[in-house]
Amino acid sequence: MFTGLVQGVGKIRSLGNDLYQIDIDSQAQHLICHDLEIGDSVAVDGICLTVEKILQGGFTATASPETLQRTTLGKSTIKQKKVNLETSLRVGSKIGGHFVSGHVDGIGCLIESVNKQQSWEMTFSFPSELKRQWQEYIAPYIVSKASIAVNGISLTIARCDSQSGEWFTVAVIPHTYAQTNLSLLQAGDWVNLESDILGKYVDRLISHRLGKLPQEDISLDFLATHGYL
């Protein structure tokens, strides 16, 4: 479990056979490496990976077939790529972002990034070839003011397509923009997206409860009685 507050950036490169090496930038090593142990979880661009070997200033991890299929890790042809890094949440730590599981739902792409006076407004949608993935795993949870993790960064949806959920916009403060790989994104670049886990549980609960009832039994009075309104 993570919070979506990135601790630093690093570079990731493939070592073959689904094994990857993550080299942590020197200014972030003291935050990430000082108590890193084999078996620890680290969010790499929002992907939860398990530390298998600790290196000088980095570590190695293996990506599962599901991870490669669902995330940018399996789509990237770049030999070395800048990634956001966050170690797992510790009991008693502050939660400044939101609960992020590190289990990426799917891939989005940057449509535009506009420099405003006090923030960057970044709009994301889906790559055309991944529309079905977006519609199934991401669109249902795109809600104004909801939380979403973009490359592992906890952000709040400022505006969105409320009808079909085909796009959303987030406002990124200058500190987050400068300290993460958001500043490196160009229009069309792909990102990992994870919807708010609390929204998924609510959706599952409501679907399960209402699915047991005949359609005529579902009313505003029923929803109010059962705490949905």
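The structure we're discussing is the one just above.
Since we're looking at a predicted model, the values are computed, not measured.

## Some details on the packing of aromatic side chains
Here comes step 1: Here the structure, examined in full by the defined rule, presents four aromatic pairs.
Here comes step 2: Aromatic side chains W120 and Y177 sit 4.1 Å apart centroid to centroid with 5° between the ring planes, which places their arrangement in the stacked category. Of this pair, W120 sits in strand β9 (residues 120-125) while Y177 sits in helix α4 (residues 174-179), and the two are 57 residues apart along the sequence.
Here comes step 3: By relative accessible area, which is 21% here, W120 ends up partly exposed.
Here comes step 4: Between W134 and F168, the aromatic rings sit 6.2 Å apart at their centres with planes inclined by 20°, giving stacked as the arrangement. With W134 in helix α3 (residues 131-137) and F168 in strand β12 (residues 168-172), this residue pair connects regions lying 34 residues apart in the sequence.
Here comes step 5: Accessibility expressed as a relative area gives 0% for W134, which makes it buried.
Here comes step 6: For F168, a relative accessible area of 0% gives the class buried.
Here comes step 7: Here the aromatic residues F124, F126, W134 and F168 are joined through ring pairs into a cluster of three or more.
Here comes step 8: Sitting over the ring of Y137, R70 keeps its end group 4.1 Å from the ring centre.

## A short note on the environment of E86
Here comes step 1: In this fold, E86 is placed in strand β7 (residues 81-87).
Here comes step 2: Using a relative accessible area of 5% as the deciding quantity, one classes E86 as buried.
Here comes step 3: Apart from residues no more than four positions distant in its own chain, E86 is found in contact with F2, T3, G4, L5, Q7, V42, A43 and G152.
Here comes step 4: Among the polar contacts listed, one links the side chain of E86 to the backbone nitrogen of G4, at a separation of 3.0 Å.

Rules and cut-offs
- Residue indices follow the written sequence of each chain, beginning from 1 at its first position.
- Predicted model: local features are reported for residues with pLDDT of at least 70 only, side-chain atom pairs are reported and counted for 80 or more only, and whole-chain, interface and lining totals are derived from all residues.
- With hydrogens and water set aside, each side-chain value is computed from the structure's full complement of heavy atoms.
- Paired rings are identified among Phe, Tyr and Trp, the last through its six-membered ring, by centres lying within 6.5 Å, and are further divided according to the angle between planes into stacked (under 30 degrees), edge-to-face (over 60) and tilted (the rest).
- A run of H or I in DSSP counts as a helix once it spans at least four residues, and a run of E counts as a strand once it spans at least two, with each numbered from the N terminus.
- Residue exposure (1.4 Å probe, protein chains only): buried if accessible area is under 20% of the type maximum, exposed if over 50%, otherwise partly exposed.
- Working rule: Lys NZ or Arg CZ, within 6 Å of ring centre, within 35 degrees of ring normal, means a charge sits over the ring.
- Two residues qualify as a contact provided that any one of their heavy atoms is within 4.5 Å of a heavy atom in the partner residue.
- Any pair of N or O atoms that falls within 3.5 Å is considered a polar contact. Within protein, one atom must be able to donate a hydrogen and the other to accept it, and sequence-neighbouring residues count only if both atoms are side-chain atoms.

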